[in-house]
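Remarks on the overall topology
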Amino acid sequence: MKDNNFIKENNAKHMWHPMGHPADSLANPPTVIASAKDSSITDIDGHTVVDAVGGLWCVNLGYSNDTVKEAISKQLYDLPYYSAFSGTTNPAAIEASQMVRDMFAPDGMARVFFTSGGSDSVETCLRLARQYHVVRGEPSRTKFISLKKGYHGTHFGGASVNGNNRFRINYEPLLPGCYHLPAPYTYRNPFNETDPAKLAQNIAAAFEDEIAFQGANTIAAFIMEPIQGAGGVIVPDASFMGLMRDICDRHGILMISDEVITGFGRTGDWSGARHWGVKPDMMSMAKGITSGYFPVGAALIGDKVAEVFENDTSGNAAIFHGYTYSAHPVGAAAVIATINETLRLDTKVNAAARGAQLFEGVQKLAQKYDIIGNVRGGHGLMTGIELVSDAAKKTPMDMSVMKRIHKAAYDNGAMVRLGANNILMSPPLVITDTEISQILSALDAGFASA
Ligand SMILES: Cc1ncc(COP(=O)(O)O)c(C=O)c1O
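Attention here is on the structure that accompanies the text. These figures come from a predicted structure and were not determined experimentally.

1. Looking at the overall build of the protein
- Scanning the protein from terminus to terminus reveals 15 helices and 16 strands.
- Taken against the 2.2 N^0.38 rule, which gives 22 Å for 450 residues, the C-alpha radius of gyration of the protein at 22 Å falls within 12% of a compact globule.
- For the C-alpha atoms alone, the extent of the protein along its principal axes is close to 65 × 60 × 40 Å.
- Of all intrachain contacts in the protein linking residues separated by at least 6 positions in sequence, the fraction that spans at least 24 positions is 72%.
- As displayed, the protein has an accessible area near 19400 Å², and 53% of this comes from carbon and sulfur atoms.
- Charge centroids of the protein, computed over 38 positive and 45 negative side chains, lie 3 Å from each other.

So this is what it looks like as structure tokens:
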């Protein structure tokens, strides 16, 4: 590796960064994170902070899990790569698929299709949903319904069901036949409804109305995150996902639960759907499946969908979809070790306890600072803070102030993430109570600087 002078001099000069303006990266080079330990990261200048972002909602086991690192390293020597396209496979992928299936069998999942990340997993679910209807003889079902504020990755299909316009408008036209319902977002919604249960009813009614308008026999699937992550940690009423499930069932629409963030314990349960007591038809997974140590995702296929594909006699059920790195042996070794560690540490329990501590701590900060318009979370380690410059008018806080708060929090001991006028937090599930306290005091310093 070149020395620090070289790294600093070349930072952002040759690389375009995801989710940022290339000119901005050149003018304000990104922080270089050089090493990490447990739940903390250290930058190139030696400044160490608690990582309240968990990498990117993904480093669930923290940065120091040697079991996963050793499993990856060993697999690299045994078999660094082989294709899983029809005709060949590898031992690690077979074992990993059984473990993932077993972990999500209580959610009704029967089969696993490995991918390289969350966007791939969403794309796989969307495509298999359409194909499911073709195989069962109702090819008119091609449309998708989703929620505003939802984030489903950046492939064209995922962007088309995405509910945040900054991920869409410069890439239009997107996939035809995708329609969006209001988000379960009590702070701002078109019904002016602050009661979460009533808002859930309103959105359910809008879903029924949209189905009646489109025609149920044109809709393939409804996709939602059990708790919306990138859109600002939007927690629905406990009734919401069940209401949407019932409507899907009544109209023959598949339900895809996008669990890229919520899967593997982040909500305090192994899946977000289980957290709400719902069994979806498919699940998209990534992130916590390897704790971010290797890029892996998975589309999980429920019993009903699996049966249609596996009992097909028409020939339409052949899956002409997949990735060079689907069921990658090194990724699969990472999955096996990560699941073993996740279960051994029972990370969902700490996620629930530390999540409550973080949420309550931020609620206390909200009493101190008027700029905190809305605090969302309380269901595991996902916390969102929406900042406003005028509390009565709910005016979104300027980006320049958001950046100042971010920097002050970083200088005072915590890396947090900005998503528009929200501060988003999703630390490792193994984080300690002392580290949560450090995040809270760093935020306090951040808000004081606003
Ligand atoms: C709910 C959800 N779905 C899909 C994705 C896309 O995943 P990836 O960035 O791995 O492609 C994300 C990423 O954050 C996500 O939060």
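2. Topic: the packing of aromatic side chains
- If you walk through the whole model with that rule in mind, you get five aromatic pairs.
- Where Tyr 151 meets Phe 167, the ring centres are 4.9 Å apart and the plane angle is 65°; that geometry is what we call edge-to-face. With Tyr 151 in the loop between strand 5 (143–147) and helix 7 (156–161) and Phe 167 in the loop between helix 7 and strand 6 (178–181), this pair connects stretches of sequence that are 16 residues apart.
- Take Tyr 151: its relative accessible area is 22%, and that puts it in the partly exposed class.
- Taking the ring centre of Phe 6 as reference, the NZ or CZ of Lys 2 above it sits at 5.2 Å.
- Taking NZ or CZ as reference, Lys 394 lies 4.4 Å from the ring centre of Tyr 187, over its face.

3. Considering the sheet that holds strand 6
- In space, the seven strands of this open sheet follow the order 4-10-9-8-7-5-6, with mixed pairing throughout. At either end of the open sheet lies a strand with only one pairing partner, and these are strand 4 (109–115) and strand 6. For this sheet the average axis-to-axis angle between neighbouring strands, irrespective of direction, equals 20°.
- Of the pairings in the sheet, the one linking strand 4 to strand 10 (residues 297–302) comprises six bridges and is antiparallel in character. Note that in strand 10 the partner of Phe 114 across the bridge is Ala 298.
- Along the sheet, helix 5 (residues 91–104) makes contact with strand 4, strand 9 (282–285) and strand 10, crossing strand 4 at roughly 135°.
- Sheet strands in contact with helix 9 (residues 240–251) are strand 5, strand 6, strand 7 (219–224) and strand 8 (254–258), and its direction is about 150° off that of strand 8.

4. Some words on the layout of surface pockets
- Reported here for the second largest pocket is a volume of approximately 740 Å³.
- Contributing to the lining of the second largest pocket are 26 residues, with Ala 84, Val 112, Phe 113, Ile 319 and His 321 lying nearest its centre.
- Partitioning the lining of the second largest pocket into residue classes produces 17 nonpolar, seven polar and two charged.

5. Quick look at the site of the ligand
- Near the ligand the following residues occur: Gly 117, Gly 118, Ser 119, Tyr 151, His 152, Gly 153, Glu 225, Asp 258, Val 260, Ile 261 and Lys 287.
- For the ligand, a nitrogen atom lies 3.5 Å from a polar atom in the backbone of Tyr 151.
- In the model, a nitrogen atom of the ligand is placed 2.7 Å from a nitrogen or oxygen of the Asp 258 side chain.
- Alone, the ligand offers 390 Å² of accessible surface; in the complex the protein occludes 81% of this.
- Here the residues of the shell around the ligand are counted per class, giving three nonpolar, five polar and three charged.

6. Re the sheet that holds strand 1 (residues 33–37)
- Strands sit in the order 1-2-3-14 across an open sheet of four strands; the sheet is mixed. Either end of the sheet is taken by a strand with one partner, and the two such strands are strand 1 and strand 14 (414–415).
- Across the sheet, helix 15 (residues 433–448) touches strand 2 (40–43), strand 3 (48–51) and strand 14, and the angle it forms with strand 3 is around 105°.

7. Focus on the environment of Glu 259
- Take Glu 259: it is sitting in the loop between strand 8 and helix 10 (272–275).
- The exposure class of Glu 259 is buried, given its relative accessible area of 0%.
- Residues Glu 259 and Ala 318, spaced 59 residues apart in sequence, show a C-alpha to C-alpha distance of 25 Å.
- With near-sequence residues (within four places) excluded, Glu 259 lies in contact with Pro 226, Ser 271, Gly 272, Ala 273, Met 283, Ser 284 and Met 285.
- At a separation of 2.7 Å, a polar atom in the side chain of Glu 259 contacts the side chain of Thr 262.

8. A word on the nonpolar core
- Membership of the largest hydrophobic core comes to 53 residues, with the highest contact counts inside it found for Phe 104, Leu 181, Phe 207, Phe 222 and Met 244.
- Once residues lying within four places of it in the same chain are set aside, the contact partners of Phe 222 are Ile 145, Ser 146, Leu 147, Leu 181, Phe 207, Met 244, Cys 248, Ile 253, Leu 254, Met 255 and Ile 256.

9. Structural notes on the packing of helix 13 (residues 347–368) against helix 15
- In the contact formed by helix 13 and helix 15, the axes pass within 10 Å of each other and the chain directions differ by 20°. Classified by the angle their axes make, helix 13 and helix 15 are roughly parallel. The handedness of the crossing between helix 13 and helix 15 is right-handed. Counted together, Arg 354, Gln 357, Leu 358, Gly 361, Val 362, Leu 365 and Lys 368 of helix 13 and Asp 433, Ile 436, Ser 437, Ile 439, Leu 440, Leu 443, Asp 444 and Phe 447 of helix 15 form the full contact between these two elements.
- Of the residues assigned to the contact of helix 13 with helix 15, the class counts are eight nonpolar, three polar and four charged.

10. Regarding the pattern of salt bridges
- All told, the structure shown has 19 salt bridges when counted by the stated rule.
- Here Glu 310 and Arg 111 are joined by a salt bridge, their closest N and O atoms 2.5 Å apart. Taken as a pair, Glu 310 in helix 11 (residues 303–310) and Arg 111 in strand 4 lie far apart in primary sequence, 199 residues in all.
- What makes Arg 111 partly exposed here is its relative accessible area of 37%.
- One salt bridge connects Arg 245 with Asp 249, and the closest N-O pair in it is separated by 2.7 Å. Of the two residues, Arg 245 and Asp 249 are both situated in helix 9; the distance of four residues between them amounts to about one turn of the helix.
- Here Asp 249 falls in the partly exposed class, since its relative accessible area comes to 45%.

What counts, and at which threshold
Residues numbered from 1 in each chain as written. Predicted model: local features only at pLDDT ≥ 70, side-chain atom pairs only at ≥ 80, totals over all residues. Heavy atoms only, no water. Helix = DSSP H or I, 4+ residues; strand = E, 2+ residues; numbered from the N terminus. Rg over C-alpha atoms; globule rule 2.2 N^0.38 Å. Contact = heavy atoms within 4.5 Å. Areas by Shrake-Rupley, 256 points an atom, 1.4 Å probe, with all protein chains shown as cover. Lys, Arg positive; Asp, Glu negative; His and termini not counted. Charge placed at Lys NZ, Arg CZ, Asp CG, Glu CD. Phe/Tyr/Trp six-rings, centres within 6.5 Å; stacked < 30°, edge-to-face > 60°. Buried < 20%, exposed > 50% of the residue type's maximum accessible area, 1.4 Å probe, protein only. Lys NZ or Arg CZ within 6 Å of the ring centre and 35° of its normal. Pairing = 2+ DSSP bridges. Axes fitted to C-alpha atoms, helices over the stretch in contact; angles between N-to-C directions. 1 Å grid on protein atoms, 1.4 Å probe; cavity = no way out; pocket = protein on both sides within 12 Å on 5 of 7 lines; lining within 4 Å. Points joined across faces, edges and corners; volume = space filled by probe spheres on them. Nonpolar A, V, L, I, M, F, W, Y, C, P; charged D, E, K, R; others polar. Near = heavy atom within 4 Å. Polar contact = N/O pair within 3.5 Å; in protein donor to acceptor, adjacent residues only side chain to side chain. Core = buried A, V, L, I, M, F, W, Y, C linked by side-chain atoms within 4.5 Å. Parallel < 35°, antiparallel > 145°, perpendicular 65-115°, else oblique. Left-handed = near helix turned anticlockwise from the far one by under 90°. Salt bridge = Lys/Arg side-chain N within 4 Å of Asp/Glu carboxyl O.

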